[in-house]
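# Fold and geometry: a report
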Amino acid sequence: MILVRSLAGKPWVWSFLGALVVWLATIAFTGGYGAGGMVTAALSLAVFTVIVGVGQMFVITLGPGNVDLSLPANIGLASAVAMKVMAGSDSMIVVGLLAALACGAAIGAVNYLLIWALRIPPIIATLSASFIIQSIDISYGRGLQIKPPPGFADFTNWQVLGIPVLAVLTVLFTIGAAIALQRMIYGRSVLAIGQNIRAAWLAGVNVGRIRFLTYTLSGALGGIDGALLAGYFRGANVDIGNEYLLASIAVVVIGGTSVAGGKANVPGVWGAALFLVLLLTMLNTFGVSAGVRLLLTGLIIVGVITAAGGEKAVR
Amino acid sequence: MRPEMTAASLEATARSSAERGALARARLLRGLLPALSLALVLLAIAWLNPRAISYFGFSLMLNLAIPIALATIAQMFVISGNELDLSIGTFVGFVGCVTATWLKDAPLIGVAILLGSIGVYALLGALIHLRNLPSIVVTLGMSFVWQGLAILVLPKPGGKAPDWLLAIMSFKPPFVPFPIIAALLIGLVVHFGLMRTSYGVILRGSGGNPAALKRAGWSLLRTKIVLFALAGLFGVLSGMALIGITTSADANIGNGYTLLSIAGVILGGGEFVGGRVSPIGAVIGALTLALAASPLLTFMHIPPDWQVAANGAILIIVLAARVLISRRER
């Protein structure tokens, strides 16, 4: 009983509960058919949302107005960079991954440079940056039809006993992120800045450096995500990251992280990502049309956020 | 934010009158910045292609300025209440689809749907206020809803704009191209409503200092509903204007408008918090973006690949200029 109560108090439980309900509804519809396969597919797809979701979570936790809108463009460019550097050869996989990581980190650093030098709201800085990145990507990735190296494509699709290896690695990564958030100076500083940037500054937190690191981290995660997506879907694409703008913000908020900043939740990102992916699978299984699927996805997001309610604190 | 401002104003009173003069000039410059950036873009166009500066050239370049300006005004209302609408683009697309189908075939039902959608916007305002929800997430969810509805209304690109709408949008007044007249009209009407009426002050105050307004006895629920309903109204106008120009619709037609509208408000001197917005600035910002995104960039030796980047670069340059001016303001 105590366990139940302490669990119910944790915001991330709800996102997992939602994922479970959606999963049960789907297998009830199919009569149990494909229950395991659905979990495997959901885990494989959720990975990509979780990786950018964690980056976005750190950014959003910095406080109101902090959000990284350049992620989709970043993912698109990094996927092209990774494929070009790897050039279809297994020996270049690590170099390609590092190149994508560096590309993403550079984008993140530029984002913060714009925010800091021009003192503009992060939304506009990352938005302007994303316009420019998009153009670079269109110009750089034109006619790019390089397949990922076979070893890399196999790695991103690799499963052991129905569990995607990438998902296991991502779980390890998120555990690391949770420790960084709750137990390390960096994470505590991010939380402090989100709660009250002035108080954090007075308390000696190097606000500029932490914000720089956070935007760079978000960019780097976007870069890695782009490379992995290109491996999983067997090819880079300008539009490959498009859906991750809304998805990255949605998983952060549904997962129990406060949009007002200063309160973050790592497990919730996983729950929310699984919830969103399973929701799409469920609607596809029900055989609804694209229009109805979008409509229901939207209504469910609004419904979930309404039920979870906002914070009572005065902003 | 606020303590700094009081400190700044105290400092200002202590300063000598000469310094105050300089401060006033810097403020004036800041207020004129949106217009200056528009002038700069125009100069660049005139320099690169003098023939573009003509009645025909402007009609072509500013083709999409009216719907962008209307969507920017919609976003501005939401921003003046310290919220953000990430669904305005798909909403414009939804309105476009309804305009090209129901509004033409069954005008009464079409009008009812559009009025209903404004009602949905008002309800969203109420929901966001009552449950204290983050508007970013709610409107994010709504962006899926509008897109889904748009696809349901018009599964394949097509439909046709009502004739009266086509007639309005292809209106060719003498001397001054229609988009410029329309933009002026939109800017002035909203400026009068939001900046010069007493309820306009209350609406902006709900973003500037909600606690003070509440203590003065004003309903914050009502201001939020009014702001969102106005956003819905201008979103509807934007979708209709867009279809009047493109003549047919597509469920994805408005998707770019979410980011364009936010950029327009900020270019026009608006700020994300504090109810500091400027309707005329927003319209000028929208015009600047419309010019920057116009097909004429192709004729200016800017390859199509880099046209999106031109938008980003203009945003960054204008904001950098604003920082330079703000430094002098202190």
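Numbering of residues begins from 1 in every chain and follows the order in which that chain's sequence is written. Lettering of chains starts at A and numbering of ligands starts at 1, both following the order in which they are written. Under the rules for a predicted model, residues below a pLDDT of 70 receive no local features and side-chain atom pairs below 80 are neither given nor counted, while totals for whole chains, interfaces and linings still include all residues.

## So, the overall build of chain B
Worth spelling out the cut-off: What counts as a helix is a DSSP run of H or I of at least four residues, what counts as a strand is a run of E of at least two, and both are numbered from the N terminus. Throughout, a residue-residue contact means that the two C-beta atoms, derived from backbone geometry, are no farther apart than 7 Å.
For chain B, the helix and strand inventory stands at 16 helices and zero strands. Contacts in chain B between residues far apart in sequence, at least 24 positions, make up 78% of those at least 6 positions apart.

## Some remarks on the overall build of chain A
Put simply, the rule is: Here the globule rule is a power law, 2.2 Å times the number of residues to the power 0.38, and the radius of gyration is based on C-alpha atoms. The burial criterion counts other C-beta atoms lying within 10 Å of a residue's C-beta, which is placed from the backbone; the residue is buried at 20 or more, exposed at 12 or fewer, and partly exposed between these limits.
A count of helices and strands for chain A gives 14 helices and two strands. For 315 residues, the compact-globule estimate of 2.2 N^0.38 gives 20 Å, and chain A sits close to it at 19 Å. Judged by the C-alpha coordinates and their principal axes, chain A covers about 60 × 55 × 35 Å. For chain A, the proportion of its 315 residues judged to be buried stands at 55%. Contacts in chain A between residues at least 24 apart in sequence constitute 79% of all its contacts with a sequence separation of at least 6.

## Some words on unusual backbone geometry
Despite not being glycine, Asn82 of chain B shows a phi value in the positive range, around 65°. Relative to the assigned elements, Asn82 of chain B resides in the loop between α4 (65–80) and α5 (88–100).

## Considering the confidence of the model for chain B
All names here are of chain B. Put simply, the rule reads: What pLDDT conveys is the predictor's confidence in a given residue, as a value from 0 to 100.
This prediction gives chain B a mean pLDDT of 84; 88% of its residues lie at or above 70. The low-confidence segment residues 1–10 (pLDDT under 50) makes one contact with residues lying over four places distant or belonging to another chain. At the level of chain-chain contacts, confidence expressed as ipTM amounts to 0.80, with global pTM at 0.82.

## Thoughts on the environment of Ser91 of chain A
Residue and element names in this part refer to chain A. Its location among the elements puts Ser91 in the loop between α4 (71–86) and α5 (93–118). C-beta crowding within 10 Å serves as the criterion here: with 10 such atoms nearby, Ser91 is assigned to the exposed category. Distance in space between the C-alpha atoms of Ser91 and Phe286 is 43 Å, their sequence separation being 195 residues.

## Overview of the packing of α4 of chain A against helix α11 (residues 207–232) of chain A
Residue and element names in this part refer to chain A. Selection criterion: Where helices are involved, their axes are fitted lines through C-alpha atoms of the stretch in contact, as for all axes, and angles between N-to-C directions lie from 0 to 180°. Convention used here: angles under 35 degrees read as roughly parallel, angles over 145 as roughly antiparallel, angles from 65 to 115 as roughly perpendicular, and any remaining angle as oblique. By the definition used in this description, the sense in which the near helix is turned from the far one sets the handedness, with an anticlockwise turn below a right angle giving left-handed and a clockwise turn giving right-handed. Three residue categories are used. Nonpolar comprises Ala, Val, Leu, Ile, Met, Phe, Trp, Tyr, Cys and Pro, charged comprises Asp, Glu, Lys and Arg, and polar comprises the others, including Gly.
Between α4 and α11, whose axes approach to 7 Å, the crossing angle comes to 55°. For the element pair α4 / α11, the angle class is oblique. Pair α4 / α11 crosses with right-handed handedness. Counted together, Leu71, Asn74, Ile75, Gly76, Ala78, Ser79, Ala82 and Met83 of α4 and Gly219, Gly222, Gly223, Asp225, Gly226, Ala227, Leu229 and Ala230 of α11 form the full contact between these two elements. In terms of residue class, the contact of α4 with α11 is made up of eight nonpolar, seven polar and one charged.

## Considering the nonpolar core
As a reminder, the rule being used: What makes a nonpolar core is a set of buried Ala, Val, Leu, Ile, Met, Phe, Trp, Tyr and Cys residues, with links drawn between C-beta atoms within 7 Å.
Counting residues in hydrophobic clusters, the biggest one holds 207 residues, and the most contacted among them are Ala69 and Leu287 of chain B. By residue number, the principal contributor to this core is helix α3 (residues 35–61) of chain A, which donates 16 residues. If we ignore the near neighbours within four places in the chain, the residues touching Ala69 of chain B are Ala183, Ile186, Val283, Ala286 and Leu287 of chain B.

## Here's the deal with the interface of chain B and chain A
Where the parts come together, the accessible area they lose is often given as the size of the interface. Taken together, the contact between chain B and chain A spans 36 residues of the former and 39 residues of the latter. Of all the elements in the fold, those that place two or more residues in the side of chain B that touches chain A are α8 (135–153), α14 (257–267) and α16 (307–329) of chain B. When residues of the side of chain B that touches chain A are assigned to their parent elements, the largest contribution, 14 residues, is made by α8 of chain B. Along the lines of polarity and charge, the residues of the side of chain B that touches chain A split into 27 nonpolar, seven polar and two charged.

## Examining the environment of Asn66 of chain A
Residue and element names in this part refer to chain A. Within the element layout of this structure, Asn66 appears in the loop between α3 and α4. We classify Asn66 as buried; it has 24 C-beta atoms within 10 Å. Between the C-alpha atoms of Asn66 and Gly36, which are 30 residues apart in sequence, the distance is 38 Å. Once residues within four sequence positions are removed from consideration, Asn66 is found in contact with Val59, Ile60, Pro122 and Gly261.

## So, the environment of Leu267 of chain B
As for its placement among the helices and strands, Leu267 of chain B is situated in helix α14. Setting aside residues up to four positions removed in sequence, Leu267 of chain B forms contacts with Pro34, Ser37, Gly285, Thr288, Leu289, Leu315 and Val318 of chain B.

## Focus: α8 of chain B
Quick note on the threshold: One fewer than the residue count of a helix, multiplied by 1.5 Å, yields its expected span.
Given a rise of 1.5 Å per residue, 19 residues ought to cover 27 Å, and the 26 Å separating the end C-alpha atoms of α8 of chain B matches this to within 8%. Most of α8 of chain B sits inside the fold, with 18 of its 19 residues counted as buried.

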